[in-house]
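Working through the structure, step by step
Here is what each chain is made of, one letter per residue.
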Amino acid sequence: MLANWLKRTAPAVVLVIGCGSGQAAEGGSVSKAELDAKVTYCKTCHGLQAEGFRGSYPMPRLAGQQPEYIENQLRAFNERRRTNPIMFNVAHSLSPDILKALTSYFLNLNPKPLGGGDKTRIAAGRQIFTDGVLSAEVPACATCHGADGKGSGAVPRLAGQLPDYILTKLTNWSKERGLDKTKPDSSEIMAPIAHNLTEVQIKQVAAYVSTLE
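Residues numbered from 1 in each chain as written. Predicted model: local features only at pLDDT ≥ 70, side-chain atom pairs only at ≥ 80, totals over all residues. Heavy atoms only, no water.

Counting residues in each nonpolar core, the largest one holds 26 residues, and the members touching the most others are Phe 129, Leu 170 and Val 209. When residues of this core are traced back to their parent elements, those giving at least two are helix H6 (122-131), helix H8 (163-171), helix H10 (191-196) and helix H11 (199-209). Leave out the neighbours within four places in its chain, and Val 209 touches Phe 129, Leu 158, Ala 159, Gly 160, Gln 161 and Ile 166. Among the nonpolar cores identified, the runner-up in size contains 22 residues, and Val 39, Ile 98, Leu 102 and Phe 106 belong to it. (Core = buried A, V, L, I, M, F, W, Y, C linked by side-chain atoms within 4.5 Å. Buried < 20%, exposed > 50% of the residue type's maximum accessible area, 1.4 Å probe, protein only. Helix = DSSP H or I, 4+ residues; strand = E, 2+ residues; numbered from the N terminus. Contact = heavy atoms within 4.5 Å.)

What follows is the structure in structure tokens.
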């Protein structure tokens, strides 16, 4: 049922394969120099291998992330359905061709996770990830994100994500996502899940997925 819901609500996105080498996207007009410049710009915040970065606040891992998910979220920034002052400007400046080239490039990166989650919470997080929390009507994370946490299509990769980033996003979900109720996207399915998980449970899941490669 969840898979069918996602198919109905996720915007149709054409994915471009083979841009990780820096060559122009097939049918597009992205030069190696242009792609390299944008990649360098992204890595300023997201880490040298797009593995994420901890500064004044955590920057998410883009390495290995699903292209369709990235495109959907950038569209949400553009349309002010998701809030982030920095990403408003970044999303607005990306052409369709460079966006496809960038998402393909990031998909093909696979650095070691930064980790940093509380090791004492990993076992409990694994149980929530694989079994869910029945008493809180929270389904298993693996149902949508996959047993390996790598996601698919509009469903994001969680494997290797910074635990503090996951904590920040889930505990602030209603303040950052779905701000335009007339334009829901596939992320809307997470709203009740984020609401029903306790902060401790979020920390547990975050600790577990941060160990996945």
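Between helix H3 (residues 67-78) and helix H5 (residues 96-107), whose axes approach to 9 Å, the crossing angle comes to 135 degrees. As far as their axial angle goes, H5 and H3 are oblique. Taken as a pair, H3 and H5 cross one another with a handedness that is right-handed. Seen from H3, the contacting residues are Pro 67, Ile 70, Glu 71 and Leu 74; seen from H5, they are Leu 99, Lys 100, Thr 103 and Leu 107. (Axes fitted to C-alpha atoms, helices over the stretch in contact; angles between N-to-C directions. Parallel < 35°, antiparallel > 145°, perpendicular 65-115°, else oblique. Left-handed = near helix turned anticlockwise from the far one by under 90°.)

Under the criterion given, the structure shown has zero disulfides. Here Cys 45 stays unpaired: no disulfide links it, and the sulfur of Cys 42, its closest cysteine neighbor, is 8.7 Å away. There is no disulfide at Cys 141, and the cysteine sulfur nearest it, in Cys 144, is 9.2 Å away. (Disulfide = S-S within 2.5 Å.)

A word on the environment of Val 209. Mapping Val 209 onto the fold places it in helix H11. For the pair formed by Val 209 and Asp 148, sequence separation is 61 residues and the distance between their alpha carbons is 8.9 Å.

Evaluation of the coordinates by the stated rule reveals eight salt bridges. With its nearest N and O atoms 2.7 Å apart, the salt bridge here joins Lys 32 to Asp 36. Separated by four residues within a single helix, Lys 32 and Asp 36 lie in helix H2 (residues 32-46), roughly one turn from each other. Here the salt bridges do not stand alone but share partners, grouping Glu 79, Arg 81 and Asp 185 into one network. (Salt bridge = Lys/Arg side-chain N within 4 Å of Asp/Glu carboxyl O.)

Bringing H2 into the picture now. Taking 1.5 Å of rise per residue, 15 residues should cover 21 Å, and H2 covers 20 Å from first to last C-alpha, within 8% of that figure. Where H2 is concerned, the buried positions are Leu 35, Val 39, Cys 42, Lys 43 and His 46. Burial along H2 is one-sided: seen end-on, the buried residues are contained in an arc of 100 degrees. Of the exposed residues in H2, those oriented more than 90 degrees away from the buried face are Ala 33, Thr 40, Tyr 41 and Thr 44. Here the buried face of H2 lies against strand E1 (53-54), strand E2 (58-59) and H5. Immediately downstream of H2, the backbone of Gly 47 shows phi near 100 degrees, a positive value. (Expected span 1.5 Å × (residues − 1). Arc of directions from axis to C-beta.)

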